[in-house]
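# Descriptive analysis of the structure
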Amino acid sequence: MAAARLVDLASADAVEEAGRGLRFEVLEAGQRVGAFVVRHRGQLRAFVNRCAHVAVELDWQPGEFFDAEGRWLICATHGALYDPDSGACVGGPCRGRGGLKPLKVVEQDGRICWVEQPPFTAPGDG
Ligand code: FES
């Protein structure tokens, strides 16, 4: 089985605990979609940047995904709340609509890397 391909995104210190996240892009079935990485309880978490309520990006300022307490991820449009560990909806208009689509990221040699996994691929692969 081929090893999963790692896509280098940024220095590990670019994403602080419960602070500003890192936006990046992936291809989903050939379409460019937004994605993001945040750090929660020391762990990197990444998701497609698309609210489960309406298909819009979540951040209220570019890269700002956490609520005021740094506890939940919040959608700027109508206030849906998501668990930063799993992406599950925990309140608001996302209720009953699932949650955020998780992506896998790892921290390696001081870098944040996205682990490419179908159906998501890296832009620029032709
Ligand atoms: S679009 Fe995110 S809560 Fe409505």
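Before reading on, note that the structure itself is shown above.
What this report covers is the structure whose coordinates are included nearby. (Residues numbered from 1 in each chain as written. Predicted model: local features only at pLDDT ≥ 70, side-chain atom pairs only at ≥ 80, totals over all residues.)

Counting secondary structure elements, the protein chain contains zero helices and ten strands. Secondary structure elements in the protein chain, listed N-terminal to C-terminal, are β-β-β-β-β-β-β-β-β-β. The dimensions of the protein chain, computed from C-alpha atoms along their principal axes, are 40 × 30 × 25 Å. Per-residue burial over the protein chain gives 29% buried out of 126 residues. (Helix = DSSP H or I, 4+ residues; strand = E, 2+ residues; numbered from the N terminus. Buried ≥ 20, exposed ≤ 12 C-beta atoms within 10 Å, placed from the backbone.)

Moving on to the nonpolar core. In terms of nonpolar packing, the biggest core is built from 31 residues, with Ala35, Phe36, Val37, Ala46, Val105 and Ile112 touching the most fellow members. Elements with a contribution of two residues or more to this core: β2 (22-28), β3 (31-40), β4 (43-48), β5 (73-74), β8 (102-108) and β9 (111-115). Excluding its chain neighbours within four sequence positions, the residues that come into contact with Phe36 are Gly21, Leu22, Arg23, Ala46, Phe47, Asn49 and Phe65. (Core = buried A, V, L, I, M, F, W, Y, C linked by C-beta atoms within 7 Å. Contact = placed C-beta atoms within 7 Å.)

Another aspect to go through is the pairing of β2. Bridge count between β2 and β3: seven bridges; the pairing is antiparallel. The residue of β3 that forms the bridge with Leu22 is Val37. Hairpin connection of β2 to β3: two residues between the antiparallel strands, including Ala29 at a positive phi of 50 degrees. (Pairing = 2+ DSSP bridges.)

The strands making up a sheet associate through hydrogen bonds between their backbones, and the pairing can be parallel or antiparallel. Overall, antiparallel pairing links the seven strands, which are arranged β1-β9-β8-β4-β3-β2-β10 in an open sheet. Each having just a single partner strand, β1 (6-11) and β10 (120-121) make up the two edges of the open sheet. Examined bridge by bridge, β4 and β8 share two bridges and lie antiparallel to one another. Looking at β8, one finds that Phe47 is bridged to Pro102.

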